[in-house]
Every structure is written in C-alpha cells, then in structure tokens.
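Examining the three-dimensional arrangement
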Amino acid sequence: MATIKTALLASALIGLALAGPTHAAPLRIEPSVVTDYRPVIARIEASDTATARARLQGVVTRLSIDEGDTVETGDLVAIVTDETIAPQIAALSARLEGLKSQIKQAEDDLARNEALFNEGFFPKARLDEQRTGLDVLKRNLASAEAERRALSARQSEGQIRAPANARVTAVQVIEGSIVSPGEVIASFATLTGIVRLSLPERHAAQVSEGKTISLRLPSRDDAIRTATISKVYPELRDGAVIADAVVEGNLDALVGERVDVLAPIGERRAIRIPKEYVTTRYGVDFVRVKVGERYVDAPVALASPFADPNGDYEVLSGLRPGDLIERPES
C-alpha cells in the first residue's frame, strides 16, 4: 500500500514539473497619444447653503447635531424653550375645564326649565336669558380653545428642524444658550452630488457648460476624477468664476478644500504601460523585457503614475516601440 502511494505522489510531482509555470500573454510596446495637463488651482464650495434659525426667544434646551454630521430633511436639530408659554397653556387648560363644567350645568338647567316652560310653569323671558347665557359660555369655550391652540403652535416653533438633506458645517450655539428670534442655530451645506468650483478669472475661457474636465485632490489620494460642468454662473465672485460640476462617483471633500482642475495644454506621443508590469527594488524600477529567447529585468525611468486616469506609468526611457514585456509573476 505504501509503495502505491509513493508511486502516485511521484507521478504527480513529475506532472507538475512537466507542466511548468503559467505565463501571461506578453505585451507589445506601442506609443500612444498623451494629453498634457496644467493644474489650475480651484476651491470646492458648497453647491447650496442653508441655515436653521430660532423662531422663539428662549433657551436652547436640546442640541442634537455637531459639525460634520449628516442630516436629512425634517430631522430635529435643536429645541428652544420659552418658559413663559407652558404656564399660559396650563392656565388656559384650567379655564377650559371650568367652562366645560359651566356649560354642562347650564345645559342641564336649560333642559329642565324648557320642560317646565312647556307645562306653563316657567316664564319665557327667563328661558331666553338662560339660552343666551349658554351661547356665551360656548363662545368663551371656543375662544379659549383657539387661544390654547395658538400657544401650542407657538411652543412647537421651538423645534428647529433641518431644512434639507445636508452636512452640518457650523453650529453657533451650545445647550443653555439664550437665543432671539431669527438667530442662526446652525449652518448646512446641501448634499446634491454637485461640486461647486471657484476658479481664477483668467481661466474663464476653459469653463463652459457641458465640457468635461479632470479633477485631482492633492491632499488625498491624488487620483484623477472626471467631471462634467453643468452650470456656469454669470457673475464673478471675488475675481473667480463659479461653476457647478457633476463628478463621476461623487467627490468626498471638505468645503473650501483645494482641488486641481487639469487644463489640457497639448498632445504628444509617449509610451505607457500598466503598473502591474513594473517592480521596484532598492529605489530602481524594472520591467521584464524580452531579449533574444528570454526575459530580463531592464531598468526604466518612469514619470508620475497619476498623470493618466487609469494610473498607468509613463516610461521616459528604457523601452522602445516593438519591445515585448511580461508581468513579473510570469
């Protein structure tokens, strides 16, 4: 039995040796047309801004947001309490209960006296007076109920809610603050998927509606994103052109963050290869190039890999058109 297992293991090893390593298809070097860009420094602005303001004079008894939070339309932002409203509502509620009791008693008296009047034992003038008194009580009840509803509506104005789907950019108060009507509680930048760019005036000719531009965030991953300009505002703001752009896959950035708008300045022919074909050892970049019947690691000089939307490397020297290269793992 052991002899059979040994024979099977030996045949499997021989089969693997005969199969040999798998090779990916080699890539032939061909030059391509490359567009060179010049970065134009711009700033990201909020596509729209909104504020939440107090409508009552009172104390901020609850604050449920902080800078950077994301809120949806109608979310409770803060509660402003006017301490003079609750006692007024309580006094009106007590008054309403008293009026309801008086109306109940007046209705009972009127029903009894109407029966006596029908039998000729109660004067008509006195019956009319009671009916008038009951009508006055009912009007007083309706007036008190309307007044209580008005106070309750005013009390509900202390609930400050988010005006739109947005991100909180600033909170101007803290819990316990005393605020006045119209005072700003918080500021928001709306989340619409549109990036508003502020570019220097000298680049106004490069910005037009429907044009596709390339954006790069130097402070983040430095990757290039494609955006389409959806609107150009007709008025300069502090010497800058304001434009809205729709970014493919959105753009996660801070309001006021710097962004490079890559303006095309010309075309040229260059050699670009996928980054999977490059290895780096001791600070030197290598590419496996076919020389004769075998592949050798040849040193190459590379430009920045982020000048291309796909992240390909541009080869400055070390390769020629027609060379065959393969991946390092082949």
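You'll find the protein entered in an unreviewed UniProt entry as Efflux RND transporter periplasmic adaptor subunit, with Ponticaulis profundi given as the organism. Under the Sequence similarities (unreviewed entry) heading, UniProt states for the protein: "Belongs to the membrane fusion protein (MFP) (TC 8.A.1) family."

Examining the sheet that holds strand β6 (residues 76-81)
Within the open sheet, the 4 strands sit side by side as β7-β6-β4-β9. Their pairing is antiparallel. Since the sheet does not close on itself, it has two edges, and those belong to β7 (159-161) and β9 (178-179), each with one partner. Relative to β7, β6 runs antiparallel, the two sharing 3 bridges. By the bridge assignment, Ala 78 is partnered in β7 with Ile 160.

Remarks on the pattern of salt bridges
All told, the structure shown has 15 salt bridges when counted by the stated rule. Note that Arg 258 and Asp 260 form a salt bridge whose closest N and O atoms lie 3.2 Å from each other. A relative accessible area of 34% places Arg 258 in the partly exposed class. Note on Asp 260: relative accessible area 2%, which makes it buried. With a closest N to O distance of 2.9 Å, Glu 326 and Arg 288 form a salt bridge. Separated by 38 residues along the polypeptide, Glu 326 in strand β20 (residues 324-326) and Arg 288 in strand β17 (residues 284-291) bring together distant segments of the chain.

Here's the deal with empty space enclosed by the protein
Under the defined criterion, the tally for this structure stands at 1 cavity of 30 Å³ or more. Looking at the largest cavity, its volume works out to about 110 Å³. Surrounding the largest cavity, 14 residues form its lining, Leu 199, Gln 206, Val 207, Ile 213 and Val 261 being those nearest its centre. Among the secondary structure elements, those contributing two or more residues to the lining of the largest cavity are β11 (194-200) and β15 (258-273). Per-element accounting of the lining of the largest cavity gives the leading share, 4 residues, to β15. Looking at the lining of the largest cavity, its residues break down into 11 nonpolar, 2 polar and 1 charged.

Concerning the side chain of Ser 187
For Ser 187, the location among the structural elements is in strand β10 (residues 184-190). What Ser 187 contacts, discounting residues up to four positions off in sequence, is Ala 50, Thr 51, Arg 167, Val 168, Thr 169, Ala 170 and Gln 172.

Describing the packing of helix α2 (residues 85-118) against helix α3 (residues 124-156)
Running from N to C, α2 and α3 cross one another at 160°; their axes reach a closest spacing of 9 Å. Regarding the angle of α2 to α3, the classification is roughly antiparallel. In the packing of α2 onto α3, the handedness of the crossing is left-handed. Across the contact of α2 with α3, the residue classes break down as 16 nonpolar, 8 polar and 12 charged.

Conventions and cut-offs
Residues numbered from 1 in each chain as written. Predicted model: local features only at pLDDT ≥ 70, side-chain atom pairs only at ≥ 80, totals over all residues. Heavy atoms only, no water. UniProt positions renumbered as here; feature names shortened; annotations may be inferred. Pairing = 2+ DSSP bridges. Helix = DSSP H or I, 4+ residues; strand = E, 2+ residues; numbered from the N terminus. Salt bridge = Lys/Arg side-chain N within 4 Å of Asp/Glu carboxyl O. Buried < 20%, exposed > 50% of the residue type's maximum accessible area, 1.4 Å probe, protein only. 1 Å grid on protein atoms, 1.4 Å probe; cavity = no way out; pocket = protein on both sides within 12 Å on 5 of 7 lines; lining within 4 Å. Points joined across faces, edges and corners; volume = space filled by probe spheres on them. Nonpolar A, V, L, I, M, F, W, Y, C, P; charged D, E, K, R; others polar. Contact = heavy atoms within 4.5 Å. Axes fitted to C-alpha atoms, helices over the stretch in contact; angles between N-to-C directions. Parallel < 35°, antiparallel > 145°, perpendicular 65-115°, else oblique. Left-handed = near helix turned anticlockwise from the far one by under 90°.

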